[in-house]
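Overview (structure and organization)
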Amino acid sequence: MSTLKNRKEKGKNFSLWNIWVAATILKVLLFDTYHSTDFDVHRNWLAITNKLPLKDWYLEKTSQWTLDYPPFFAYFEWFLSQFVPQIVKDDGCLDIVEKGAYGWPTVVFQRSTVIISEILLFAILQTYINFSKDKILSFIIASSLVLSPGLLIVDHIHFQYNGMMFGLLIGVIVAAAHERYYLLGALFATLLCFKHIFLYLAPAVFVFLLRKVVLDVSQKSIIKFIKWDKLIKLGSIVLFIFGVAFAPFVYYGVIPNLLARLFPFSRGLTHAYWAPNIWAIYSFLDKILVVVLKRPYFNNVLAKAIGTPSIAVIDAQIASTANTGTRGLVQDVFFIILPNITPRVTFLLTLFYDILSLLPLLLQPNFKRLIGALTLNAYASFLFGWHVHEKAIMLIIIPFTFLINERRLLNSFLVLAGAGYVSLFPLLPNQNLIKQLYTFIWFIIYSLSFMEVSKQRTFKKRIFLFDRISLIYLFSLIPMVLMVFIIGLFKKRYALFAKFEFVGLMIYSVYCGIGVIASWCGLSWLYFFEDSIWSDEDEKKED
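Note that the structure is predicted; figures quoted are calculated from it, not measured. (Residues numbered from 1 in each chain as written. Predicted model: local features only at pLDDT ≥ 70, side-chain atom pairs only at ≥ 80, totals over all residues. Heavy atoms only, no water.)

Quick word on the overall build of the protein chain
Heads up, the rule is: Numbering of helices and strands starts at the N terminus; helices are DSSP runs of H or I of at least 4 residues and strands are runs of E of at least 2. We compute the radius of gyration over the C-alpha atoms and compare it with the globule rule, which gives 2.2 Å times the number of residues raised to the power 0.38. Note on classification: 1.4 Å probe, protein chains only; a residue is buried when its accessible area is under 20% of the maximum for its type, exposed when over 50%, partly exposed between these limits. Should any heavy atoms of two residues lie within 4.5 Å, those residues are counted as being in contact. In this tally Asp and Glu are treated as negative and Lys and Arg as positive; neither His nor the chain ends contributes. To locate a charge, take atom NZ for lysine, CZ for arginine, CG for aspartate or CD for glutamate.
A tally of helices and strands in the protein chain yields 27 helices and zero strands. Its C-alpha atoms give the protein chain a radius of gyration of 25 Å, near enough to 24 Å, the size a compact globule of 543 residues would have. Relative to its 543 residues, the protein chain shows a buried fraction of 52%. Within the protein chain, contacts between residues separated by at least 24 positions form 76% of all contacts whose residues are at least 6 apart in sequence. Separation of charge centres in the protein chain, based on 50 positive and 35 negative side chains, amounts to 5 Å.

Below, the structure is given as structure tokens:
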């Protein structure tokens with residue numbers, strides 16, 4: 001069987017070079033499309049790191065787009081600023097102003113830096129392919145990631161540098177697959193110093209390295225139970241990287257300011273608008289309850305049954321509440337009927353589900369369990385976290401992609417990918433043809449490819465009903481997107497629809513939230529109750 005497989009792989013091109021060329025041409029053509037305020041955010045960071053001394057980077061606040069990423073990303077912005085041509089400087093790229101005023105030269109320069117930085121993602125995925133035993137499977141995984149609609153939407157239109165950082169995350173995954181544990185620790189520490197959102201994945205990485213490097217469970221002696229030499233070596237690597245990142249700011253005494261920028265808990269529970277998570281459903285339920293309870297009949301019935309507030313009380317609460325979550329504001333959100341949620345509640349819920357996902361990894365610390373735990377850590381932070389951005393869905397999709405060789409996991413992945421990528425559409429207000437057509441083509445090509453290469457590794461049959469419900473859900477994304485598009489057209493023409501400014505975003509958040517939650521439930525069930533999926537025994541036999 002393996003000989004036949006090797007013959008099939010011979011003569012095939014598994015290089016990502018052609019994809020990089022084609023993708024780069026497409027991204028250059030998108031230079032003049034919409035870009036968000038994130039574009040001016042990064043322009044301002046270029047200016048701050050270029051014009052000001054390092055000690056002032058996390059103090060400067062002329063613009064509302066203050067520097068709020070960890071030091072390595074600040075150093076990265078400084079590095080980019082050294083290559084700004086004079087024509088781009090003259091365009092206002094490096095001006096520290098309240099609101100950026102820039103033109104075409106700045107757009108070309110900054111968009112080019114995103115494309116160049118993404119070479120790291122291509123290089124690491126090419127390494128993954130080259131050292132993989134199953135070249136066909138690894139090529140499909142790698143190409144699906146470099147052509148991801150999420151990266152195209154968020155990085156190359158909306159504007160960010162996620163490709164480079166997800167390249168580092170994939171480097172962590174590849175290092176784990178090849179048992180390069182010190183390299184894994186170094187890459188993940190570097191990643192945290194670039195973007196602190198990856199802290200959500202730290203529990204799984206910590207437990208994995210603890211079992212693989214630090215602990216020797218065969219020893220009964222407490223002293224011998226810990227491999228002190230390896231602990232010191234791993235700890236030294238991690239501390240050195242964090243030292244390089246943070247030491248200058250410790251020296252200048254601005255660490256409190258830096259940490260306040262990284263963890264701004266003054267922001268509200270939900271971002272503007274809602275990420276498709278538990279709190280989107282929770283917020284939507286609160287709106288539904290308000291509508292229902294303002295009907296006299298329902299209010300009287302429910303008031304007698306469960307003691308709901310009267311219509312007068314509800315009206316008073318609405319009038320006194322600054323932000324009920326339907327104004328698209330980035331500030332504290334207050335609910336009218338349901339209990340308000342605090343940062344502590346979101347932290348405890350996230351921590352609870354993180355700990356649950358770590359227990360199987362602690363007992364069975366292999367590569368598949370690591371990827372499963374990374375994915376579930378990302379799910380927990382996305383579903384239950386405080387002030388979650390829609391873009392954070394990529395934090396789940398990227399590691400989950402490395403599990404698509406198992407047929408029973410594929411169903412949850414496809415629901416996640418469908419709901420997750422569609423949930424990013426509101427980031428691009430008017431680029432309908434690009435985002436919709438590209439995502440549809442990607443989904444068709446890679447859903448068929450994943451089905452072709454995934455294997456049934458257990459004797460249990462997949463549940464027919466669940467498969468069909470998932471299929472109905474995925475196909476229903478098309479009329480949902482079309483409905484929101486029509487509502488958008490009506491808002492421009494009819495005053496009645498203009499009153500419901502955020503209804504389209506609410507539909508996206510709630511419908512896609514249902515899909516993300518369902519995919520989480522599916523993966524969780526298989527992770528905790530289908531041990532045969534997570535065994536590496538079949539891979540060891542191939543060796």
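Back to the write-up after that little detour.
Quick word on a nonpolar patch on the surface
For clarity, the cut-off: A residue counts toward a patch only above 30% relative accessible area and without a salt bridge, and it is joined to like-charged neighbours within 9 Å or, for Val, Leu, Ile, Met, Phe, Trp and Tyr, to nonpolar neighbours within 5 Å. Shrake-Rupley sampling with a 1.4 Å probe provides the accessible areas, and residues are treated as covered by the protein chains on show and by no other component. Any Lys or Arg side-chain nitrogen located within 4 Å of an Asp or Glu carboxyl oxygen qualifies as a salt bridge.
Together, Phe347, Leu348, Leu351, Phe352, Ile355, Leu356, Leu359, Leu362, Leu363, Trp525, Phe528 and Phe529 line one region of the surface with nonpolar side chains, adding up to about 1200 Å² of accessible area. At the level of secondary structure, the elements contributing two or more residues to the nonpolar patch comprise helix H19 (343-363) and helix H26 (503-529). Note on Ile355: relative accessible area 43%, which makes it partly exposed.

Some thoughts on helix H4 (residues 71-81)
When you tally the buried positions in H4, you get eight out of eleven residues, the bulk of the element. Listed in full, the buried residues belonging to H4 are Pro71, Phe72, Phe73, Ala74, Phe76, Glu77, Leu80 and Ser81. Packing partners of the buried residues in H4 comprise helix H3 (38-51), helix H6 (104-117), helix H10 (162-177), helix H11 (181-194), helix H14 (228-251) and helix H15 (255-262).

Some remarks on the side chain of Ser447
Going by this rule: Here a polar contact means two N or O atoms within 3.5 Å. Within protein one must be a hydrogen donor candidate and the other an acceptor candidate, and residues neighboring in sequence count only if both atoms are side-chain atoms.
Within the secondary structure layout, Ser447 lies in helix H23 (residues 432-453). At a separation of 2.7 Å, a polar atom in the side chain of Ser447 contacts the main-chain carbonyl oxygen of Phe443.

Concerning the packing of H10 against H11
Our working definition: Think of each axis as a best-fit line through the C-alpha atoms, taken over the contacting stretch in the case of a helix, with angles from 0 to 180 degrees between the N-to-C directions. Comment on the angle field: the value is read as roughly parallel under 35 degrees, roughly antiparallel over 145, roughly perpendicular from 65 to 115, and oblique elsewhere. In a left-handed crossing the near helix is turned counterclockwise from the far helix by less than a right angle, and in a right-handed crossing that turn is clockwise. Three categories are distinguished: nonpolar for Ala, Val, Leu, Ile, Met, Phe, Trp, Tyr, Cys and Pro, charged for Asp, Glu, Lys and Arg, and polar for the others, with Gly belonging to the last.
Closest axis-to-axis distance for the H10/H11 pair is 8 Å, and the angle between their directions is 160 degrees. Of the possible angle classes, the one that applies to H10 and H11 is roughly antiparallel. Considering how the two elements wind past one another, H10 and H11 form a crossing that is left-handed. Counted together, Met164, Met165, Leu168, Leu169, Gly171, Val172, Ala175 and Ala176 of H10 and Tyr181, Leu183, Leu184, Leu187, Phe188, Thr190, Leu191 and Phe194 of H11 form the full contact between these two elements. Looking at side-chain class alone, the contact of H10 with H11 contains 14 nonpolar, two polar and no charged residues.

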